[in-house]
Amino acid sequence: MISRVDTINLANMSALSETVYVPSAPQVKSDIASLLSSKLSAGEDGQWKITTFQTTPLISTYIIAWANGPFRHLEESYSSPLSGKTRPLRIYTTPDLIHQARFALDVNRRVLPLYEQVFDIEYPLPKLDLLVATDFTIGAMENWGLITGRTSAFLLDPHQADLSGKKYVASTVCHEVAHMWFGNITTMEWWDTVYLKEGFARLLGETIILDRLFPEWKLRPAFITSELVAAMTLDAKASSHPIEVECLDANVANQIFDALSYDKAATILRMLSQYVTEEKFLKGVSIYLKKHLYGNAVTKDLWQGIAEASGLDIPEIMDNWVKKIGFPVVHVTEVDGGIRVRQDRFLETGPAVPEDNETIWSIPLSLLTIDGSGNTFIDHTVLLDEREKVISLDISRLFKLNAGTVSMYRVLYSPERLAKIAEEAAKEDSILSLGDRLGLASDALELAKAGYSLLSSTLNFYKILHAENDYQMWSCISSGLSSISSVWFEQPDIVEALNTFSRSLLIPVVKRLGIEYADGEDINTRQLRTVTIGQAARAGDGSVIADLVRLFNRAIETEDDSCIYPDLISTTYWTAVRYGGRKEYDAVEAVASKPPTPQMGNAAMRALGASTDRSLQEETWKFITTRARDQDLYYFFAGLQGNHAARRFLAEKFKTDYDVLYKRTASNFRLQRLVQYSFEALSSEMDYEETKAFFKDKDTSTFKMSLDQALDSIKARAAWVKRSSEDLRQWLASRT
Ligand SMILES: [Zn+2]
């Protein structure tokens, strides 16, 4: 590699040598020498250097990387628990950012030996660098030995660190380091099985292994409201696709880096891990990797490894989860001496017609029962591998399917049975785990959306959970309420009544906790405050809004933002733009233009979409089209989509400026997300028709999947409005 002498050169491997270029030097190969002498002007002697790197092992082309720049670095090292060998670990940034790089480096140092132990395979390269790029298309990229990523993926200011920013950095580092094995040592044979790297990086990197580093984050139940919900949301659409999907060209390959390759894959692998036990699952994964070192693999190779470790017929259980579209809903009917369970494909628009309902999944049911002394027992071995069957159990006692919400299916009980389970879930000392309660809350919303149950019963369920103390449950309830409000976004009476209901649930918690974060508080208390204040502000609580705007204005006046609590940065910026005026908007815009930390920048860019003032919305659009960097576009779009008063504005602007946006973003991953943000949250049949008509004569080859998914979303939301408005209105009216 040839570069200026005062810059840093990096590649997958360590440098072998670095020499300043001198025309007559004997060590310079003749082709390089002749190239340089033809390119360099006179007087540039001593200004250039040549770096040669060690040769890589056998490596896939998509993980080759090299970099040059005016970098600074921090350095640590780790000792391999397998060989005792010590390897350097560095993180590189531009000089202005290096003070925010320590945390990512520490996570890397801690996680690398853990992976070696779990897989029983040593990290094979001589070093592992992280490189922070200030402009980057995706979040991060697992180049072997030289992981690259955007600023928010790796940087954290120790004085301004909020928990969600910290989690994002830790999970990104662990995800990318997992790829050093999944993808890099063992590579999928083709992009149709990209899940073989992404599903594992998500499950192991972001949950199972990360949980060992940060048990206080309770990442295992958190999986339910992030990955599992993301997987089910997309896979409940008619336009979903199997995890393994035919990939004939780059356009398709670029579109399947989605919630199916990542989240559904992670979800079904987690389900399998629970079924065969995590110990045997990880053992099987190690067998699989060892058999395919520096080689390619397909799905059956993975199943073979896990079959060898568990002694079970894995393809029989797993193939339909990977090769077929969708996932099931299990209907539970109580019969003499037990329950009859029946599976059908779950679609967000309601029961599937027979031709869409042909798959029979092997579903690990994870059945929770209680004995006479009140002890719970979970049977992970029961499989529903036919359309329906009867299971013997004592229905006079409490039972629950999908214990811990470890499998990928929804459960439809009779209203009477659900009421009993909900009553147990609402108890302060409930025998139902956090995972159970999160799954119940998620099912309550999605079954109502699909028309299997009434939306009023979802709201009743939220209501009886008011004594809940876990922040993850409050986060789930809050996002449930927001998503209902979002569907009815153009019916102000419903939105306002939902806000009133939200406040009635949240304000007692907010009052109990107060707005100040004390040192030494446990994570649950801090997060509970973050979640409930965030939702209370969005539901229009005057007192919370006044507090947040006051703190924001103090930060402007004193030019010191330390009075804004890091965990409330997003909520504070959002509230300032939403309820403030020109002064607050300008202050948030200044942060978006020159962010002190990546987390503050992202929060500010989202918040710029929060205004109800059309002229400020226009300014935000101008920012998007003239100043925003391509990598940041979706933060602005997400902010505008989340604002009921700007959602239609966003869709119209997208259409007006389509040619410019297309030119700017169609060649990479970005346009897909912009299409989704612009249209998926609309809720009427007219929107469906208009959106479809707009794209009719466009070349949609780079974003067809996203467009179809957005259209399905509109259709499902419109159907929900039609089906449930009356029920919703009546329930809300009955409260007053
Ligand atoms: Zn990945």
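Residues numbered from 1 in each chain as written. Predicted model: local features only at pLDDT ≥ 70, side-chain atom pairs only at ≥ 80, totals over all residues. Heavy atoms only, no water.

Labelled according to an unreviewed UniProt entry, the protein appears under the name Aminopeptidase, originating from Phanerochaete carnosa. UniProt, in its Sequence similarities (unreviewed entry) section for the protein, records the words "Belongs to the peptidase M1 family." (UniProt positions renumbered as here; feature names shortened; annotations may be inferred.)

Moving on to the packing of aromatic side chains. For the structure on display, the rule yields 35 aromatic pairs. Pairing Phe 119 with Trp 181 gives two aromatic rings, centres 5.5 Å apart and planes at 55°, and the pair type is tilted. Note that Phe 119 is positioned in helix 2 (residues 102–119) and Trp 181 in the loop between helix 4 (163–179) and strand 11 (186–188), a separation of 62 residues in sequence. The same class applies to Phe 119 as to Trp 181, namely buried. Centroid distance Tyr 658 to Phe 695: 6.1 Å. Interplanar angle 80°. Geometry classified as edge-to-face. Here Tyr 658, found in helix 25 (residues 658–665), pairs with Phe 695, found in helix 27 (residues 685–695); they are 37 residues apart in sequence, far enough to count as distant. The pair Tyr 658 / Phe 695 is uniform in exposure class, with both members buried. Taken together, the ring pairs connect Tyr 115, Phe 119, Tyr 123, Trp 181, Phe 182, Phe 200 and Phe 281 into an aromatic cluster. The ring of Phe 489 has Arg 647 lying over it, and the distance from NZ or CZ to the ring centre is 4.4 Å. The ring of Tyr 658 carries Lys 698 above its face, with NZ or CZ at 5.7 Å from the centroid. (Phe/Tyr/Trp six-rings, centres within 6.5 Å; stacked < 30°, edge-to-face > 60°. Helix = DSSP H or I, 4+ residues; strand = E, 2+ residues; numbered from the N terminus. Buried < 20%, exposed > 50% of the residue type's maximum accessible area, 1.4 Å probe, protein only. Lys NZ or Arg CZ within 6 Å of the ring centre and 35° of its normal.)

With that settled, the discussion passes to the sheet that holds strand 14 (residues 338–345). Reading across the sheet, the four strands line up as 19-14-13-21 and stay open at both edges, with mixed pairing between neighbours. The strands lining the two open edges of the sheet, one partner per strand, are strand 19 (388–392) and strand 21 (410–412). For this sheet, the mean angle separating the axes of adjacent strands, direction not counted, is 25°. Here strand 13 (residues 328–335) pairs with strand 21 via three bridges, running parallel. The residue of strand 21 that forms the bridge with Val 329 is Arg 410. (Pairing = 2+ DSSP bridges. Axes fitted to C-alpha atoms, helices over the stretch in contact; angles between N-to-C directions.)

What follows is about the UniProt feature "binding site: Zn(2+)" (unreviewed entry) in the protein. The feature "binding site: Zn(2+)" (unreviewed entry), as given by UniProt, occupies His 175, His 179 and Glu 198 in the numbering adopted here. These residues run over 24 residues, yet every pair of their C-alpha atoms falls within 8.6 Å of each other. Locating His 175 in the fold gives a position in helix 4. The contacts of His 175, once residues within four sequence positions are left out, are Glu 198, Ala 201, Arg 202, Gly 205, Glu 206 and Tyr 262. Assignment of secondary structure puts His 179 in helix 4. (Contact = heavy atoms within 4.5 Å.)

So, on to the sheet that holds strand 6 (residues 72–79). Taking strand neighbours across the sheet as the criterion, the five strands line up as 6-7-8-10-9 in an open arrangement whose pairing is mixed. Strands with a single pairing partner mark the edges of an open sheet, and in this sheet they are strand 6 and strand 9 (140–141). With eight bridges connecting them, strand 6 and strand 7 (residues 86–93) associate as antiparallel partners. Each residue of the ladder has a partner; that of His 73, found in strand 7, is Tyr 92. Its contacts with the sheet put helix 2 on strand 6, strand 7 and strand 8 (128–133), and the angle it makes with strand 6 is roughly 25°.

A full pass over the atoms with the stated rule returns 53 salt bridges. The residue Glu 388 makes a salt bridge to Arg 342 at a minimum N-O spacing of 3.3 Å. Taken together, the positions of Glu 388 in strand 19 and Arg 342 in strand 14 put the pair 46 residues apart, joining distant regions of the chain. Note on Arg 342: relative accessible area 31%, which makes it partly exposed. The partner of Glu 589 in a salt bridge is Arg 627, with the nearest N and O atoms 2.7 Å apart. On the criterion of sequence distance, the pair formed by Glu 589 in helix 20 (residues 582–593) and Arg 627 in the loop between helix 22 (614–626) and helix 23 (633–642) is long-range, its members being 38 residues apart. In this structure Glu 589 comes out as buried when scored by relative accessible area, which is 16%. Several salt bridges share partner residues, and in doing so they unite Arg 340, Arg 342, Asp 344, Arg 387 and Glu 388 into one network. (Salt bridge = Lys/Arg side-chain N within 4 Å of Asp/Glu carboxyl O.)

Right, let's talk about the domain arrangement of the protein for a bit. In terms of domains, the protein is made up of domain 1 (1–55) and domain 2 (328–419 + 427–432). If you average the C-alpha positions of domain 1 and of domain 2, the two centres end up 66 Å apart. (Domains from an automatic or database assignment.)

Let us now look at the side chain of Ser 456. Here Ser 456 lies in helix 14 (residues 455–464). Within polar-contact distance, the side chain of Ser 456 engages the side chain of Asp 727 at 2.8 Å. When sequence neighbours within four positions are dropped, the list of residues in contact with Ser 456 reads Asp 727 and Trp 731. (Polar contact = N/O pair within 3.5 Å; in protein donor to acceptor, adjacent residues only side chain to side chain.)

Take the side chain of Thr 299 next. Within the element layout of this structure, Thr 299 appears in helix 10 (residues 299–310). Within the local environment of Thr 299, its side chain forms a polar contact with the side chain of Tyr 195, the two groups lying 2.8 Å apart. A distance of 2.5 Å separates the side chain of Thr 299 from the side chain of Glu 244, its partner in a polar contact. The residues contacting Thr 299, other than those within four sequence positions of it, are Thr 193, Tyr 195, Leu 196, Glu 244, Asp 319 and Val 322.

Attention now moves to the coordination of the zinc ion. Coordination of the zinc ion by the protein involves His 175 (NE2), His 179 (NE2) and Glu 198 (OE), with metal-donor separations of 2.0 to 2.1 Å. All donors of the zinc ion belong to a single chain; written as a sequence motif, their spacing is H-x3-H-x18-E. Of this pair, His 179 sits in helix 4 while Glu 198 is found in helix 5 (residues 195–213), placing the two residues 19 residues apart along the sequence. Accessibility expressed as a relative area gives 2% for Glu 198, which makes it buried. (Donors = N, O, S within 2.8 Å, 3.2 Å for Na, K, Ca; no water.)

Between helix 5 and helix 6 (residues 219–235), the shortest axis-to-axis distance is 9 Å and the interhelical angle comes to 150°. On the basis of their axis angle, the class for helix 5 and helix 6 is roughly antiparallel. Of helix 6, the residues touching helix 5 (which contributes Arg 202, Leu 203, Glu 206, Thr 207, Ile 208, Leu 210 and Asp 211) are Leu 219, Arg 220, Phe 223 and Glu 227. Grouping the amino acids of the contact of helix 5 with helix 6 by side-chain chemistry returns five nonpolar, one polar and five charged. (Parallel < 35°, antiparallel > 145°, perpendicular 65-115°, else oblique. Nonpolar A, V, L, I, M, F, W, Y, C, P; charged D, E, K, R; others polar.)

In contact at an axis separation of 10 Å, helix 2 and helix 5 are set at 105° when each is read in the N-to-C sense. For the element pair helix 2 / helix 5, the angle class is roughly perpendicular. From helix 2, Val 107, Arg 110, Val 111, Leu 114, Tyr 115, Val 118 and Phe 119 reach across to helix 5, where they touch Leu 204, Gly 205, Ile 209, Arg 212 and Leu 213. The class makeup of the residues in the contact of helix 2 with helix 5 is nine nonpolar, one polar and two charged.

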